[in-house]
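Take a look at the letters that make up each chain.
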Amino acid sequence: MKKIILALIFIFLLCGCSIVRIDTSNIDNIINVILSKDNKLYNQVGQGYKYYLPGGVTYIESDNLNDILYCNGVYYYLNIDVIDYYYNKSVDYKEKNNLYYSKLIDKKDGYKYSGYLEIELVDSKYRVEFSYNHAKIEAVVDKNELNNVILNSSYILSTIKYNPNII
C-alpha cells in the first residue's frame, strides 16, 4: 500500500501543472505578455461582438456599442468601433513625450492588431486611454490601480471578436 501511495505521489509530482505568473509591475511587460497571446475566451456578448471579462471586472450596462465596466472602484468605458473594424482602418498615432506613458502598439512589432496606450497625469489621477483591436477603453485611476487597469484592459481588448455578418 505504501508503494502505491509513493508511486502516485511521484507521478503527481512529475505530471503536475505549471503556473505562469505575469510580472505586473511593468506596463510594457503586461502589454507584451497579454497582447501576444491568441485568446479565444469570451463571457460577454454584445451586438456584433464578444469579449472576455477577467475575474473581478463587472459588467454594468451597455449603450449601443459602449459598455460600462467596473472593478475595484474604477469604471472602465469600453467603446467598440465597428466602422473602423468594417473598413479595417489602421491606427494613426504618434508617441507623445510629455505624457506619463505613451506607446504605439504596432503589427510590425509582432502584435495581432494595432493600437496605442496613453497614460496622462491629471490632478493626481491617471487618465488611461487604451486602444487596440478596433476598440478603446478609457478610465481614470489612482496610481496604485494603474497596472491592474492595464492588465484588465489588455485582456478585454485582446479577446474582442467581431461578427462580420451582424456588422
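Now for a description of the structure that goes with this document. (Residues numbered from 1 in each chain as written. Predicted model: local features only at pLDDT ≥ 70, side-chain atom pairs only at ≥ 80, totals over all residues. Heavy atoms only, no water.)

**Re the environment of Asn 152**
What counts here: Put simply, DSSP H or I for four residues or longer makes a helix, DSSP E for two residues or longer makes a strand, and each gets a number counted from the N terminus.
Residue position: Asn 152 is located in helix 4 (residues 146–158). Between the C-alpha atom of Asn 152 and that of Tyr 76, which follows or precedes it by 76 residues, the distance is 9.6 Å.

**Brief notes about the side chain of Lys 103**
Quick note on the threshold: Each residue's exposure class comes from its accessible area (1.4 Å probe, protein chains only) as a fraction of the maximum for that residue type: buried when under 20%, exposed when over 50%, partly exposed otherwise. By the convention used here, residues are in contact when the closest approach between their heavy atoms is within 4.5 Å.
Mapped onto the secondary structure, Lys 103 falls in strand 6 (residues 101–105). Since its relative accessible area comes to 16%, Lys 103 is described here as buried. Not counting residues up to four positions away in its chain, the partners in contact with Lys 103 are Asp 28, Asn 32, Tyr 93, Glu 95, Tyr 111, Gly 115, Tyr 116 and Leu 117.

**Quick look at the environment of Ser 154**
Relative to the helices and strands, Ser 154 is located in helix 4. Since its relative accessible area comes to 0%, Ser 154 is described here as buried. Considered as a pair, Ser 154 and Asn 32 are 122 residues apart in the sequence and their alpha carbons are 9.5 Å apart. Apart from the residues within four sequence positions on either side, Ser 154 is in contact with Ile 30, Ile 31, Ile 34, Leu 35 and Phe 130.

**As for the sheet that holds strand 7 (residues 115–122)**
What counts here: Two strands qualify as a pair provided that DSSP identifies no fewer than 2 bridges between them. The axes used here are C-alpha line fits, helices contributing only the stretch in contact, and every angle between their N-to-C directions lies in the interval 0 to 180 degrees.
In space, the 7 strands of this open sheet follow the order 3-4-5-9-8-7-6, with antiparallel pairing throughout. The open sheet has two free edges, formed respectively by strand 3 (58–63) and strand 6, since each of these has just one partner strand. Strand-to-strand twist in this sheet, taken as the mean axis angle between neighbours without regard to direction, amounts to 15°. Pairing of strand 4 (residues 66–71) with strand 5 (residues 74–80), which is carried by 6 bridges, proceeds in the antiparallel orientation. The residue of strand 5 that forms the bridge with Tyr 70 is Tyr 75. Along the sheet, helix 2 (residues 27–35) makes contact with strand 6, strand 7 and strand 8 (125–132), crossing strand 6 at roughly 25°. Along the sheet, helix 4 contacts strand 4, strand 5, strand 7, strand 8 and strand 9 (135–141); its crossing angle with strand 8, the most-contacted strand, is approximately 15°.

**Some words on the packing of aromatic side chains**
Aromatic ring pairs are described here by two measures, namely the spacing of the ring centres and the angle between the planes. Using the following cut-off: Pairing of aromatic side chains here covers Phe, Tyr and the six-membered ring of Trp, requires ring centres within 6.5 Å, and sorts the geometry by plane angle: under 30 degrees stacked, over 60 edge-to-face, intermediate tilted. When the NZ atom of lysine or the CZ atom of arginine is within 6 Å of a ring's centre and also within 35 degrees of its normal, the charge is said to sit over that ring.
Scanning the entire structure with this criterion turns up 7 aromatic pairs. Ring centres 4.9 Å apart and planes at 65° place the aromatic pair Tyr 100 and Tyr 126 in the edge-to-face group. A residue pair is termed long-range when its members are at least 10 positions apart, and Tyr 100 in the loop between helix 3 (82–86) and strand 6 and Tyr 126 in strand 8 qualify at 26 residues. By relative accessible area, Tyr 126 is classed as buried at 8%. Considering the side-chain rings of Tyr 113 and Tyr 132, the 5.7 Å spacing of their centres and the 85° angle between planes classify their relative orientation as edge-to-face. Taken together, the positions of Tyr 113 in the loop between strand 6 and strand 7 and Tyr 132 in strand 8 put the pair 19 residues apart, joining distant regions of the chain. Note that Lys 50 overlies the ring of Tyr 42, its terminal NZ or CZ placed 3.9 Å from the centroid.

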